[in-house]
Amino acid sequence: MKLVAEWADLSQDEVELLKDLGNLSRDVATSMVENVIGGMTYPFSIATNFRINSKDYLIPMVIEEPSVIAAASNAAKMMREGAGIIAKASEQLMIGQVHLVKVSNPYVKAGIVIERKNEILEYANQQGVLVKHGGGARDLSVRVIEGTPIGNVLIVHLVVDVKDAMGANAVNTIVEAVAPLLEKMTGGEARLRILSNYAVYRLVRAWGKVCAEELGGGEVAKGIYEASVLAELDPFRAVTHNKGIMNGVIAVALATAQDHRAIEAGAHAYASRSGSYKPLSIWRLDEGGELYGYLEMPLQVGVVGGATRVHPVARIALKILGVKTAKELAEVMAAVGLAQNLAALRALVVEGIQKGHMKLHAKNLAIMAGATGDLIDKVANEMIKAGKIRFDYAVELVEKLRMQQ
Ligand code: MEV
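For clarity, every value in this text was computed on a predicted model and none was experimentally measured.

Participant: Explain the overall build of the chain residue by residue, including any values.
Facilitator: Looking only at helices and strands, the chain features 17 helices and 10 strands. On the principal axes, the C-alpha backbone points of the chain span a range of 85 × 65 × 40 Å. Residues classed as buried in the chain amount to 45% of the 405 residues present. Summarising the internal contacts of the chain: among those between residues at least 6 apart in sequence, 71% fall at separations of at least 24. Treating the 44 positive side-chain charges of the chain as one cloud and the 44 negative ones as another, the clouds have centres 3 Å apart.

Now the structure itself:
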């Protein structure tokens, strides 16, 4: 900290602020990552109104972007009827990869590996603690790529049921252990031995409906359907459409200390699986004018091990959610993603996204300009009224309104 403070010319106040670890103890912080000099707090919020698979949930969300939590809560209210949003996760199957190079006659070797599949799976299942928890290696497949710049490559995929863990450690342990066995069988040399974040066997699907009146009328429902079609046609729009979904998914991931980079990487790869980038959700109208949304994406999340268990606030988030399994957490996250998507599309169709954003943006500016308490709303409202949502104007208003208080 001393070096950084000197390097960046930090004031004593800045050092004190940065040093504050918030709700992490020093021991926990330094056990999580390296070179810790301080902490950074994000707001921890609750999205309301969620009914998923007939069960009510309070949803912890950690995000820096205004409007997301309010939007999710609003959409969840519209989709509450009956069982609410329905979400179903597949088995929690991850892929572990071993890349072997210098393999002569790779198709022959691929055959040998397939033939000895049971032996390999048995060996894999002697590693780590997965089997004790009901998981383990379930299947194996082999891919051959001939004549690459580095010669023939044989890629072995182990499909591993990781149960309630995110699974990176479990899968990596297995592939590292199995690699020497595969080298012997193929005569090749193992290079990369690691999980794939392209978790195509660890999918979750969520769907729900909302009636046109809830949305503000048939025109709005139609507008959302059209917005879906535009995302299906246009990858540039699909990326933004999916970004809206990830607003919800990642906010829950952060609250529960998931590996959100893994989730993002897998989701966007899955969106491209057809060869062009597509939306992770679609919206359709039925004859009665009801709008149906369907979302499908891979989610690699865990409720045991890793930061989920180490970070005390992540544990509290899981307690608030009341989820006990990785499957249920994935279902909740997919439902939040779907609701978030509906809210974004509705806002785009009805009034454009900026109006709601601007209110919160104005509040942020007011705070940055030094407003506290009641003054925050007063300054924000003045800025909106004047159509001047700018920092310099916020400073001017704070000074003016403070004098009047
Ligand atoms: C903003 O964070 C997310 C949106 O852009 C998503 C969308 O356009 O669908 C509003």
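Participant: Lay out the sheet that holds strand E10 (residues 291-298) with the relevant residues and their values.
Facilitator: Strand order in the open sheet formed by 4 strands is E3-E8-E10-E9, and the pairing between neighbours is antiparallel. If you trace the sheet from one side to the other, it starts and ends with strand E3 (86-89) and strand E9 (281-285), each paired once. Neighbouring strand axes in the sheet, compared pairwise and without regard to direction, differ in orientation by 10 degrees on average. As judged from the 8 bridges shared by strand E8 (residues 203-210) and E10, these two strands associate in the antiparallel manner. Counted as the bridge partner of Arg205 is Glu296 from E10. Contacting E9 and E10, helix H9 (residues 218-233) runs over the sheet at an angle of about 140 degrees to E9.

Participant: Explain the pairing of E10 to me, and be specific about the residues and the numbers.
Facilitator: Burial runs high along E10: 6 of the 8 residues are buried. Note that E9 and E10 share 5 bridges and pair antiparallel. Pairing of Arg284 across the sheet is with Tyr292, part of E10. Between E9 and the antiparallel strand that follows it, E10, lie 5 residues; Gly289 among them carries a positive phi value of about 90 degrees.

Participant: Outline the domain arrangement of the chain, supporting the account with residue identities and numerical values.
Facilitator: Assigned domains of the chain: these are domain 1 (2-32), domain 2 (44-88 + 203-351), domain 3 (93-196) and domain 4 (356-404). Look at where the C-alpha atoms of domain 1 and domain 3 centre, and you get two points 42 Å apart.

Participant: Can you tell me about the site of the ligand, naming the residues and giving the values?
Facilitator: Taken together, the neighbourhood of the ligand is formed by 11 residues, with Glu65, Arg237, Lys243, Asn247 and Leu348 sitting nearest. The contact in question runs from an oxygen atom of the ligand to an N or O atom on the side chain of Arg237, over 2.7 Å. A distance of 2.9 Å is found between an oxygen atom of the ligand and a side-chain nitrogen or oxygen belonging to Asn247. The protein chains hide 87% of the 300 Å² of surface that the ligand would expose on its own. Partitioned by chemical class, the residues of the shell around the ligand number 4 nonpolar, 4 polar and 3 charged.

The rules behind the values
Residues numbered from 1 in each chain as written. Predicted model: local features only at pLDDT ≥ 70, side-chain atom pairs only at ≥ 80, totals over all residues. Heavy atoms only, no water. Helix = DSSP H or I, 4+ residues; strand = E, 2+ residues; numbered from the N terminus. Buried < 20%, exposed > 50% of the residue type's maximum accessible area, 1.4 Å probe, protein only. Contact = heavy atoms within 4.5 Å. Lys, Arg positive; Asp, Glu negative; His and termini not counted. Charge placed at Lys NZ, Arg CZ, Asp CG, Glu CD. Pairing = 2+ DSSP bridges. Axes fitted to C-alpha atoms, helices over the stretch in contact; angles between N-to-C directions. Domains from an automatic or database assignment. Near = heavy atom within 4 Å. Polar contact = N/O pair within 3.5 Å; in protein donor to acceptor, adjacent residues only side chain to side chain. Areas by Shrake-Rupley, 256 points an atom, 1.4 Å probe, with all protein chains shown as cover. Nonpolar A, V, L, I, M, F, W, Y, C, P; charged D, E, K, R; others polar.

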